[in-house]
Amino acid sequence: MIDDPFATDPEPVAPRPARRVTSQIVAITALALALASAIALAAYLWLVNSQWTDQNDTLRADAASLGTSLAQAQAQAEDLQTQVQTLQSQLDTATTRLSDVANAEAHAGDDVQYLTDLLDAYASCASSYDDVLTDALKNGYTYDNSNARSVQADVADYCDSLATAYQQYTAAAG
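All of these numbers come straight from a predicted model, not from anything done at the bench.

1. Digging into the overall build of the protein
Then, number 1: The secondary structure content of the protein amounts to two helices and zero strands.
Then, number 2: Across the 174 residues of the protein, 7% fall into the buried class.
Then, number 3: Within the protein, counting contacts between residues at least 6 apart in sequence, those at least 24 apart form 73% of the total.
Then, number 4: A total of about 14600 Å² of accessible surface is found on the protein, and carbon and sulfur atoms cover 61% of it.

Okay, structure coming up:
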């Protein structure tokens, strides 16, 4: 075969099949849809991120406010605890002083009663001496007997015991 530059190819060039064009259109459409979906997803994610950031900023501000409130509440609680301890100490002191005063008053009442009883006993002692002396003066002749002397000794012992009790009381009272 000779190559003839003007010769034509016996086989005609076939046009491209339509199938190839259709698959390119489908591919371009799919890429466009994918691109549109990606843009929509990116926009959605941007919006969600923006909302999350706003919510996060709000929550951080609320947390900071609550932290400040908590710190103030803790400081107040510590101050109140200190006040409670101070008041408890003052209450304990006041209770002790009140108890001391009540005891002193009760003791003073007991002292008054004791001294009143002692004074009554001294009066009884003086009356008994008076009875012994009156009896001795009226019945001088019988005073020498042992019974009269025994009564006088009993009265003297009784009066001496009163004097001793008074001396012990004044020594204990200071």
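Additional details are given in the paragraphs that follow.
2. Regarding the UniProt feature "transmembrane region" (unreviewed entry) in the protein
Then, number 1: With numbering matched to this structure, UniProt assigns "transmembrane region" (unreviewed entry) to residues 25-47.
Then, number 2: Within the segment residues 25-47, helix and strand shares are 100% and 0% respectively, and the terminal C-alpha atoms sit 32 Å apart.

3. A word on the UniProt feature "coiled-coil region" (unreviewed entry) in the protein
Then, number 1: UniProt annotation of "coiled-coil region" (unreviewed entry) refers to residues 63-97 when read in the numbering used here.
Then, number 2: The annotated region residues 63-97 carries 100% helix and 0% strand content, and the separation between its end C-alpha atoms amounts to 50 Å.

4. Re the packing of aromatic side chains
Each aromatic ring pair is specified by the distance between its two centres and by the angle formed by the two planes.
Then, number 1: As enumerated under the stated definition, the model contains one aromatic pair in all.
Then, number 2: Centroid distance tyrosine 114 to tyrosine 169: 5.4 Å. Interplanar angle 35°. Geometry classified as tilted. Of the two residues, tyrosine 114 is situated in helix H1 (residues 18-138) and tyrosine 169 in helix H2 (residues 146-173); the sequence distance between them amounts to 55 residues.
Then, number 3: The class of tyrosine 114 is partly exposed, set by a relative accessible area of 34%.

What counts and what doesn't
All chains use their own residue numbering, which begins from 1 and follows the written sequence. In keeping with the predicted nature of the model, local features appear solely for residues at pLDDT of at least 70, side-chain atom pairs appear and are counted solely at 80 or more, and the whole-chain, interface and lining totals rest on all residues. Remark: hydrogens and water are excluded; side-chain values derive from all non-hydrogen atoms of the structure. Secondary structure follows DSSP: runs of H or I at least 4 residues long count as helices, runs of E at least 2 residues long count as strands, and numbering of each begins at the N terminus. Exposure categories follow from relative accessible area, calculated using a 1.4 Å probe and restricted to protein chains: below 20% of the type maximum is buried, above 50% is exposed, and the middle band is partly exposed. Whether two residues touch is decided by their heavy atoms; if any such pair falls within 4.5 Å, the residues are in contact. In short, Shrake-Rupley with a 1.4 Å probe defines the accessible areas, and a residue's cover is counted only from the protein chains shown. UniProt positions are given in the numbering used here, feature names are shortened, and annotations may be inferred rather than shown by experiment. A pair of aromatic rings is counted whenever rings of Phe, Tyr or Trp (Trp by its six-membered ring) have centres within 6.5 Å, and the orientation is called stacked for planes under 30 degrees apart, edge-to-face for over 60 and tilted otherwise.

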